[in-house]
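Working through the structure, step by step
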Amino acid sequence: MRVGSFSTIAILCAALVGVAGTAFAEQGVTPSEVRFAQVAALEGPAGALGSGMNTGLRAAFEEVNRAGGLAGRKLVLEAFDDGYEPSKSVEETRKLLAKDDHIALIGPVGTPTSAATQPLATEAGWPVLGPFTGAGFLRDPGLRNVFNLRASYDAETETWIKLLADTRGYTRIGILYQDDSFGRAGLKGVEAALDRRGLKPIARGAYPRNTLAVKAALLDIRRSGAEAVVMIGAYKPVAEFIRVARKIDFRPDFITISFVGTDALVGELGRDGAGVIISQVVPYPMDSSVPVVARYTEALKALDPEAQPSFISLEGYLVGRLAIAGLEASGATLTRASYLAALQGLGDVDLDGLVLHFGKDDNQGLDEVFLTQISPEGTITPLSPEAAKAAKADCVAPAVGG
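Along each chain, residues carry numbers from 1 onward, in the same order as the chain's sequence is written. The predicted nature of this model means local features are confined to residues of pLDDT at least 70 and side-chain atom pairs, given and counted, to a pLDDT of 80 or more, with totals for whole chains, interfaces and linings taken over all residues. Calculation of side-chain values draws on the structure's entire complement of heavy atoms; hydrogens and water are dropped beforehand.

To keep things clear, this is the line we draw: UniProt positions are given in the numbering used here, feature names are shortened, and annotations may be inferred rather than shown by experiment.
As annotated in an unreviewed UniProt entry, the protein is Amino acid/amide ABC transporter substrate-binding protein (HAAT family) from Rhodobacter maris. Looking at the Sequence similarities (unreviewed entry) heading of the UniProt record, one finds this comment for the protein: "Belongs to the leucine-binding protein family."

In structure tokens:
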């Protein structure tokens, strides 16, 4: 599946560039355009994540294109579906690297897919911008071609345990995680955060990626008498876990990770989502008092009047703005090498008051983690200080068995 393609005019212009422009065209740059490639889940259990990132990226790119582009070049985004499967992601990435007609990879989704494709991009010298994952390996300061926007999973899980253990006083915390590199990265973060407080998980439960097989994990965690359950997974299996837990009257505090996809999770859960806490790594997308959010909202409406603001598309928009900042720093003489060098030298990037901080040993722009909660009406609101203190231990099912 491909999202976004050349216009007829762009194709004709590229054909007329001739021999002099061939070398640039091979790297996704012509006198009339710059092309980026997104390899991400566009369908399946994680499809809303890649599609949401794509929407935000296109909103940022089209904002520039409406103003005439950069140095006369329009920004083009092409997207390729990997189904959130590493083997498919590798296949699509290898094709792109062989064709060599995009300047960079942008907006990939997932830890297992990134673990499989990042080494390929690094070896080829391609920039990778804004992976939709908080995996620690992508934050290695020696990784000079990867530019992360979001906070790490370690930061998210520390925020969870600070809320559950420090603020609410829970000691019996269970974990549901996806049984792959993504889930295990989150599991490691949770265990480390608990260990810092002299605690251990009361129960662990795993499910296979791209499935809804969470029942066994649910029964094990319920049997433990967990006061809270933290969840590292995609929206469909997480929703299934919560929905079935409600049916069997297991009602601990539920908290899940930004990767879950907030709007998709709300859509899956309906009324069963009330009270679920979700950590976020970008500002609240409905708060237009934040200048960059106001600008994002306008860009989103210009792209698609029916589109609703979301955390995922806001993240995509911010990644798009980061990509644009790198292009602006590259100047008119643009190659992949000059673009990579410009990205490596960005330092602080001010996006209408939201400042991304990059440095020689820091390839992650944002460090903040925000907590939100699903209301009984199915809306997403920032978690208030009062709600943060509101423990629900009286709703916990008693331990059953051993």
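So much for the structure itself; the text now carries on.
Here's the deal with the overall build of the protein
Here is the rule we go by: Elements are defined by DSSP. Helices are runs of H or I of four residues or more, strands are runs of E of two residues or more, and each kind is numbered from the N terminus. Using C-alpha atoms as the atom set, the radius of gyration is obtained and then compared with a globule rule of 2.2 Å times the number of residues to the power 0.38. Relative accessibility under 20% of the residue-type maximum defines a buried residue, over 50% an exposed one, and the middle range a partly exposed one, all with a 1.4 Å probe and only protein chains included. Methods summary: accessible areas were calculated by the Shrake-Rupley approach with a probe of 1.4 Å, and residue burial reflects only the protein chains presented. Charge convention: Lys and Arg are scored as positive, Asp and Glu as negative, and His as well as the terminal groups of each chain are ignored. Think of each charge as sitting on NZ of Lys, CZ of Arg, CG of Asp or CD of Glu.
In terms of regular secondary structure, the protein is built from 14 helices and 15 strands. Relative to a compact globule of 402 residues, whose C-alpha radius of gyration would be 21 Å, the protein shows 22 Å and is just as compact. Seen through its principal axes, the protein has C-alpha atoms that stretch 75 × 40 × 35 Å. The 402 residues of the protein split such that 55% are buried. Carbon together with sulfur atoms contributes 54% to the accessible area of the protein, which is approximately 15,700 Å² in total. Each charge sign in the protein was given a centre, from 39 positive and 47 negative side chains, and these centres are 4 Å apart.

Things to note about the side chain of Gln118
Our working rule: Distance and chemistry together define a polar contact, namely a pair of N or O atoms within 3.5 Å, with one atom able to donate a hydrogen and the other to accept it when in protein, and with adjacent residues in sequence counting only for side-chain atoms on both sides. Here, residues are in contact when the closest pair of their heavy atoms is within 4.5 Å.
Looking at the element boundaries, Gln118 is found in helix α5 (residues 111-124). The buried category is assigned to Gln118, whose relative accessible area is 12%. Of the polar contacts made by the side chain of Gln118, one reaches the side chain of Thr122; its length is 2.8 Å. With residues near it in sequence (within four places) discarded, Gln118 still touches Phe137, Leu138, Leu143 and Val146.

So, unusual backbone geometry
At Asn210, a residue that is not glycine, the phi angle is positive and equals roughly 60°. Structurally, Asn210 can be placed in the loop between β8 (203-207) and α8 (215-223). Unlike most non-glycine residues, Asp249 shows phi in positive territory, near 60°. By the secondary structure assignment, Asp249 is in the loop between α9 (235-247) and β10 (253-256). Here Asp249 falls in the partly exposed class, since its relative accessible area comes to 48%.

Describing the sheet that holds strand β11 (residues 277-280)
Quick reminder of the rule: Strands qualify as paired when DSSP identifies two bridges or more between them. Convention adopted: a line fitted to C-alpha atoms gives each axis, helices being fitted over their contacting stretch, and angles between N-to-C directions are expressed from 0 to 180 degrees.
Ordered by their spatial adjacency, seven strands build an open sheet running β8-β7-β9-β10-β11-β14-β15, and the pairing between neighbours is mixed. In this open sheet, the two strands that pair with only one neighbour each are β8 and β15 (380-382). Going from strand to strand, the sheet's axes swing by 25° on average, the running direction of each strand aside. Direction of pairing for strand β7 (residues 173-178) relative to strand β9 (residues 228-232): parallel, over a ladder of five bridges. Paired with Tyr177 across the two strands is Ile232, which belongs to β9.

Structural notes on the side chain of Asp82
For the record, the criterion: A pairing counts as a salt bridge when a side-chain nitrogen of Lys or Arg comes within 4 Å of a carboxyl oxygen of Asp or Glu.
Relative to the helices and strands, Asp82 is located in the loop between β3 (74-81) and α4 (86-99). Summary of buried charges: Asp82 has no salt-bridge partner, and the nearest side chain of opposite charge, Arg209, is 9.0 Å away. At a separation of 3.1 Å, a polar atom in the side chain of Asp82 contacts the main-chain amide nitrogen of Ala41. In this structure the side chain of Asp82 is engaged in a polar contact, spanning 2.8 Å, whose partner is the backbone nitrogen of Tyr84. Residues within four places of Asp82 in sequence aside, it is in contact with Val39, Ala40, Ala41, Lys88, Ser89 and Thr113.

Some words on the pattern of salt bridges
The full count for this structure, using the stated rule, is 23 salt bridges. Between Lys95 and Glu91 there is a salt bridge whose closest N-O contact spans 3.5 Å. Of this pair, Lys95 and Glu91 both sit in helix α4, four residues apart, which is roughly one turn of the helix. With a closest N to O distance of 2.9 Å, Asp220 and Arg223 form a salt bridge. Residue Asp220 and its partner Arg223 are both found in helix α8; the two are separated by three residues, about one turn of the helix.

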